Amino acid sequence: MPGLPWPHPNLSPPHGGIPCCGRPGPWALLRETVIILWLLLSSASLPPTWGQTKIPLETVKLWADTFGRDLYNTVTKYSGSLLLQKKYKDVESSLKIQEVDGLELVRKFSEDMENMLRRKVEAVKSLVEAAEEADLRHEFNASLVFNYYNSVLVNERDEKGNYVELGAELVLEPNAHFSNLRVNTSVSSVQLPTNVYNKDPDILNGVYMSEALNPVFVENFQRDPTLTWQYFGSSTGFFRIYPGIKWTPDENGVIAFDCRNRGWYIQAATSPKDIVILVDVSGSMKGLRMTIAKHTIATILDTLGENDFVNIIAYNDYVHYIEPCFRGILVQADRDNREHFKQLVDELMVKGVGVVNPALSEAFQILQQFQEARQGSLCNQAIMLITDGAVEDYEPVLEKFNWPDRKVRVFTYLIGREVTFADRMKWIACNNKGYYTQISTLADAQENVMEYLHVLSRPMVINHDHDIIWTEAYMDSKLFTSQTQSLMLLTTVAMPVFSKKNETRSHGILLGVVGSDVTLRELMKLAPRYKLGVHGYAFLNTNNGYILSHPDLRPLYREGKKLKPKPNYNSVDLSEVEWEDQAETLRTAMINGETGSLTMDVKVPLDNGVRSWKRVLFLTNDYFFTDISDTPFSLGVVLSRGHGEYILVGNTSVEEGLHDLLHPDLSLASDWIYCVTDIDPDHRKLSQLEAMVLFLTGKDPDLECDEELVREVLLDAVVTAPMEAYWTALALNGSDESEPEVDMAFLGTRAGLLRGSLFVGSERVSDRKFLTPEDEASVFTMDHFPLWYRQASERPPGSFVFNLNWAQGPESQGEPLAVTASTAVVVTVDEKTAVAAAVGVQMKLGGLQRRFWAATRQCDAAAGTCPESCADSDLDCFVIDNNGFILISERAPEAIAESWIRSGAART
């Protein structure tokens, strides 16, 4: 089978494997629990029974025992696992093991998240009040002259060295809280799209009025330093953003960003809506008119979101749905459906004569049926009519389906420069509470389509319904440049801003939308990893069933050296990652905002190396879920049965803990929150370890730390401190070895503490990336414990689990570099067992291979003669791990796989 990868995920050993040797001992435990199985096969031309006859089973057992004993002794010695187990045993009497109440835990997390999000809402409300009050006091001045900080022009100079107009000096400094971008936290700046004139009277008056938001921005940030970007998007097109920032155009010198196109603006500006788009595809629409019509439809689709419902009907002398599967219904306007519609619209062809009445009748009937069935958005309903004219008598249709109540608004878009049918199109719109516009060029579509949002917002404006909206997850791409783009998942809270002037209230004038971002990473820090156990995790989803945050949501892919968002990354359904929820019990309950729990048997894949082979853990997980009040979000918490639902609690003195905490071989999980360093700017430069030391020594009373987690770290620091001396002694005693087979030893504790020690020079470490922040699989992150920790925790104490580490980079061709071996250290108190730590070593793959080949040279002295060995050319010897992955082989793995399958062993 040429091209078969190695190790092959479907290549499994024969049923039952090799029987274990009867002699008990630690090395036997290694071979049983890690299940390093090895098989011998004859060459493909010989029958499989030949190899079994020539190599007695007793010899295979002997080799396995020899290799297992040697390997176990090595990894046990260099890891110091027995010493670490003893140290935790010594303090066992002072430890407690608490069982976690999952429902109480998820409620507590939800309450903390609710409080955090409420502060964001309060900040946005204060901006709404300030903007509306500023507009009420402002009188429009058509000749207003006003200089403001234009984000594109700030700090720009002309050829004489003078600042350009609207480009005054704005002091910008890097700020860690804002992704290390250069910002000014004293003032906001204003961005405008390229097609909006920066000195238009409407723009100047709006910018001047919104200057009143500057002190509110600053006050909000001082009151809640966890706030990120705050902004005001105007209905006229300008975008005021705080803190002030320099905006860089794209490579073509264009500013494509228009705040009015953003999901947060559109959702806040209108209520949910049901939309039927009717597009004329008669022969008169050929050429540029059809191109403009298609662009207009795409622009309308871009104004829709997950809470809206839509369908598109094309008509000429007959009516047809552009997607036949959606006949007679409305579908959710999520990203997948919108993109699907756009593709179908691009394929539309023109022919025949345009007859609008059947299409109007069909559209009204769909909307009426959905309204009566209590389906769809249950709010606004509208028809978008896109045509170059209407000639027949359409009044009977309107009278039958929409008059006198006019519950469905009709918006008409006249395509082309001809005005023959303008009066008729205006009449249709004006007599059905809609809006008429003529679109004669592609550039007209954007501005003219946006007008319908203002019409739909009028009831909200007149009633002053300041609805709070929360968006789905999206990437922070406001700045749209590779230089400043921050690829973080966000949600935005936004509210509309209305005119309160008496002369405009009856017209329902929307001034714009204010919003503030919330990074989902910061929100998920309120569900700390140490409370969730080795395999536990927390996740968020929306009332539409889409994931906001989940450890298995991978929204980015790598293209060359750049990370880019995957298409439709923010419309991943919960059922796509929690796929064991086949009855959708969990999904349905969370969409409905219920509180409860359920249990599922799950298979957890583990990524391992650049090849991303999946190694699987079989777990029983308990799911606990509840809603987050006043938001459309629900929170879930997962705890694995057994040790995953127990927390180890201990104590030690601050003095002793501090002494052992300040060791050079010790580090803490960089993105766990031991102490809050993001509030006070003076704390943002501190590492978590530095902040913890300041807290424990009382040198910074303003620091806020998680005292429970700090207490656990101190205990772990004390218990694991002797490992440093143990590893140092091993390194010194083995210094005469020309090439030590063990590169390093390491350990990690359930409190996120890491220790490591090198037995070779750093330049000779087989996998230099291992245990560095870049090696996310092997260190503590917000989403998971290290791979070696998770795997070891599911093995009996004292047994080691092995993994291959793969070389990185295109030049490496994916060659294995090293092998890691790890084992769990557990504590038992009152018949409850919890994993306290995991410890292991990294070995050179070559050393492991040499040990194996040496073991296969052993033979049974009682037999008198030695059978053929693995050195013979007609035999294949190889070692596989407990997941069926090849660890050691002499021949090319493809050849092994081919001969194994050809012999029938893979089917045995």
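Look up a bit, the structure's there.
Described below are features of the structure shown in this document. (Residues numbered from 1 in each chain as written. Predicted model: local features only at pLDDT ≥ 70, side-chain atom pairs only at ≥ 80, totals over all residues. Heavy atoms only, no water.)

**A closer look at the overall build of the protein chain**
Counted only if it meets this: For the purposes of this entry, the term helix denotes a DSSP run of H or I that reaches at least four residues, the term strand denotes a run of E that reaches at least two, and both are numbered from the N terminus. Throughout this description, buried means an accessible area under 20% of the type-specific maximum (1.4 Å probe, protein chains only), exposed means over 50%, and partly exposed covers the range between. Only heavy atoms matter for contacts: two residues are in contact if any of them lie within 4.5 Å across the pair. For accessible areas, the Shrake-Rupley method is used with a probe of radius 1.4 Å. Any residue's cover is judged against the shown protein chains and nothing else.
Regarding its fold elements, the protein chain presents 24 helices and 37 strands. For the protein chain, the residues scored as buried account for 55% of the 908 residues in total. Sequence separation of 24 or more characterises 71% of the internal contacts of the protein chain that already satisfy a separation of 6 or more. Accessible area of the protein chain: about 38800 Å², with a carbon and sulfur share of 50%.

**Structural notes on the side chain of Arg755**
Worth spelling out the cut-off: Whenever a nitrogen or oxygen atom comes within 3.5 Å of another N or O atom, the pair is scored as a polar contact, on the condition that within protein one atom can donate a hydrogen and the other can accept it, and that pairs from neighbouring residues in sequence are kept only if both atoms are in side chains.
For Arg755, the position within the fold is in strand β32 (residues 753-758). In this structure Arg755 comes out as buried when scored by relative accessible area, which is 1%. Of note is the side chain of Arg755, whose polar atom sits 3.3 Å from the backbone oxygen of Asp660. Contact partners of Arg755, with chain neighbours within four places excluded, come to Asp660, His663, Asp665, Leu666, Ala717, Thr720, Ala721, Trp727, Ala745, Phe746 and Leu747.

**Comments concerning the pairing of strand β14 (residues 409-415)**
Rule in force here: A pair of strands is treated as paired once DSSP finds two or more bridges between them.
Where burial is concerned, most of β14 is hidden: seven out of the seven residues are buried. Residues Arg409, Phe411, Tyr413 and Ile415 point to one face of β14 and Val410, Thr412 and Leu414 to the other, with burial holding for every one of them. Here β14 runs beside strand β15 (residues 436-439); their pairing, made up of four bridges, is parallel. Bridge pairing in β15 places Thr412 opposite Tyr436.

**Overview of the environment of Thr291**
Position of Thr291 relative to the elements: it lies in helix α9 (residues 288-302). The exposure class assigned to Thr291 is partly exposed, which follows from its relative accessible area of 40%. Sequence separation between Thr291 and Ile415 is 124 residues; the distance between their C-alpha atoms is 9.8 Å.

**Looking at empty space enclosed by the protein**
Let me state the cut-off plainly: Only protein atoms enter the 1 Å grid used here. Points where a 1.4 Å probe fits but cannot escape make up a cavity, open sets with protein on both sides within 12 Å along at least five of seven lines make up a pocket, and a residue lines them when an atom lies within 4 Å of a point. Grid points are joined across faces, edges and corners, and a volume is the space filled by probe spheres set on the points.
In the structure shown here, the tally under the stated rule is five cavities of 30 Å³ or more. Taken as a whole, the largest cavity holds about 170 Å³ of empty space. Every residue lining the largest cavity is counted, 15 residues in all, and those nearest its centre are Tyr530, Tyr646, Ile647, Leu648 and Arg750. Of all the elements in the fold, those that place two or more residues in the lining of the largest cavity are β27 (646-649), α20 (707-720) and β35 (832-844). Looking at the lining of the largest cavity, the element that brings in the most residues is β27, giving three residues.

**Some thoughts on the packing of aromatic side chains**
The relative placement of two aromatic rings is captured by the distance of their centres and the angle of their planes. Cut-off, in case you're wondering: Between 30 and 60 degrees the pair is tilted, below 30 it is stacked and above 60 it is edge-to-face, where a pair is any two Phe, Tyr or Trp rings, Trp via its six-membered ring, whose centres lie within 6.5 Å. Look at NZ for Lys and CZ for Arg. If either is within 6 Å of the ring centre and within 35 degrees of the ring normal, a charge sits over the ring.
All chains considered together, the criterion is met by 34 aromatic pairs. Each residue in the set Trp672, Tyr674, Phe746, Phe770, Phe780, Phe785, Trp788 and Tyr789 is aromatic and connected to the rest through ring pairs, giving one cluster. Across from the ring centre of Tyr163, 4.1 Å away, lies the NZ or CZ of Arg157, which sits over that ring.

**Quick look at the pattern of salt bridges**
Applicable threshold: Salt bridge, as used here, is a side-chain nitrogen of Lys or Arg placed within 4 Å of a carboxyl oxygen of Asp or Glu.
Taken as a whole and assessed by the stated rule, the structure comprises 31 salt bridges. The closest approach of N and O atoms between Lys342 and Asp302, which form a salt bridge, is 2.5 Å. Here the residue Lys342 occupies a position in helix α10 (residues 335-346), and Asp302 occupies one in helix α9, the gap between them amounting to 40 residues. Relative accessible area serves as the criterion here: at 40%, Asp302 is assigned to the partly exposed category. One salt bridge connects Arg587 with Asp573, and the closest N-O pair in it is separated by 2.7 Å. Of the two residues, Arg587 sits in helix α17 (residues 585-591) while Asp573 sits in the loop between β23 (562-565) and α17, which places them 14 residues apart along the sequence. Exposure remark for Arg587: the relative accessible area of 17% places this residue in the buried category. Via salt bridges that share partners, Arg711, Glu712, Asp716 and Arg750 belong to a single interconnected network.

**Some details on the pairing of strand β9 (residues 273-280)**
Formally: Note on handedness: a crossover is taken as right-handed if, strands pointing away from the viewer, the path from the first strand over the helix to the second is clockwise.
The buried count for β9 comes to eight of eight residues, which makes it a mostly enclosed element. Residues Lys273, Ile275, Ile277 and Val279 of β9 are buried on one face, and the alternating residues Asp274, Val276, Leu278 and Asp280, pointing to the opposite face, are buried as well. Across seven bridges, β9 lies against strand β10 (residues 309-315) in parallel orientation. Directly across from Ile275, in β10, lies its bridge partner Val310. Remark: the β9/α9/β10 crossover connection has right-handed handedness.

**Examining the environment of Thr194**
Tracing the backbone shows Thr194 in the loop between β5 (189-191) and α6 (201-210). Along the sequence, Thr194 and Pro249 sit 55 residues apart, while their C-alpha atoms lie 9.3 Å from each other. Those residues in contact with Thr194 that lie beyond four places of it in its chain are Val254 and Ile255. A distance of 2.7 Å separates a polar atom in the side chain of Thr194 from the backbone nitrogen of Ile255.

**Topic: the sheet that holds strand β4 (residues 181-184)**
Judged by pairing direction, the sheet is antiparallel, and its three strands sit side by side in the order β3-β4-β8 without closing on themselves. Looking along the sheet, the strands with just one partner apiece sit at the ends: β3 (173-175) and β8 (244-245). The pairing of β4 with β8 spans two bridges and is antiparallel. Residue pairing for β8: Val183 is matched across the bridge by Ile245.

**Examining the nonpolar core**
The condition is simple: As used here, the term nonpolar core means buried Ala, Val, Leu, Ile, Met, Phe, Trp, Tyr and Cys residues forming a set that is joined through side-chain atoms within 4.5 Å.
Grouped together as the largest cluster of nonpolar side chains are 106 residues, with contacts concentrated most on Tyr148, Trp264, Leu586 and Tyr623. Aside from chain neighbours lying at most four places away, what touches Leu586 is Phe539, Leu574, Glu578, Asp581, Leu598, Met600, Tyr623 and Phe625.

**A few points about the packing of helix α5 (residues 102-137) against helix α7 (residues 214-223)**
Two measures define how a pair of helices packs: the angle their axes make with one another and the distance between the axes. Just so we agree on the cut-off: Axis lines are fitted to C-alpha atoms, over the contacting stretch for helices. Their N-to-C directions set the angle, which ranges from 0 to 180 degrees. Roughly parallel here means an angle under 35 degrees, roughly antiparallel means over 145, roughly perpendicular means 65 to 115, and every remaining angle is called oblique. Take the far helix as the reference: if the near one is turned anticlockwise from it by less than a right angle, the crossing is left-handed, and if turned clockwise, right-handed. Side-chain classes follow a simple rule in which Ala, Val, Leu, Ile, Met, Phe, Trp, Tyr, Cys and Pro form the nonpolar group, Asp, Glu, Lys and Arg form the charged group, and the remainder, Gly included, forms the polar group.
Two elements in contact, α5 and α7, have axes separated by 10 Å at closest approach and are oriented at 165°. When the axes of α5 and α7 are compared, the pair comes out roughly antiparallel. Handedness of the crossing formed by α5 with α7: right-handed. Contact with α5, carried on its side by Ala123, Ser126, Leu127 and Ala130, involves Val216, Phe217 and Asn220 of α7 and no other residues of that element. A class-by-class count of the residues in the contact of α5 with α7 yields five nonpolar, two polar and no charged.

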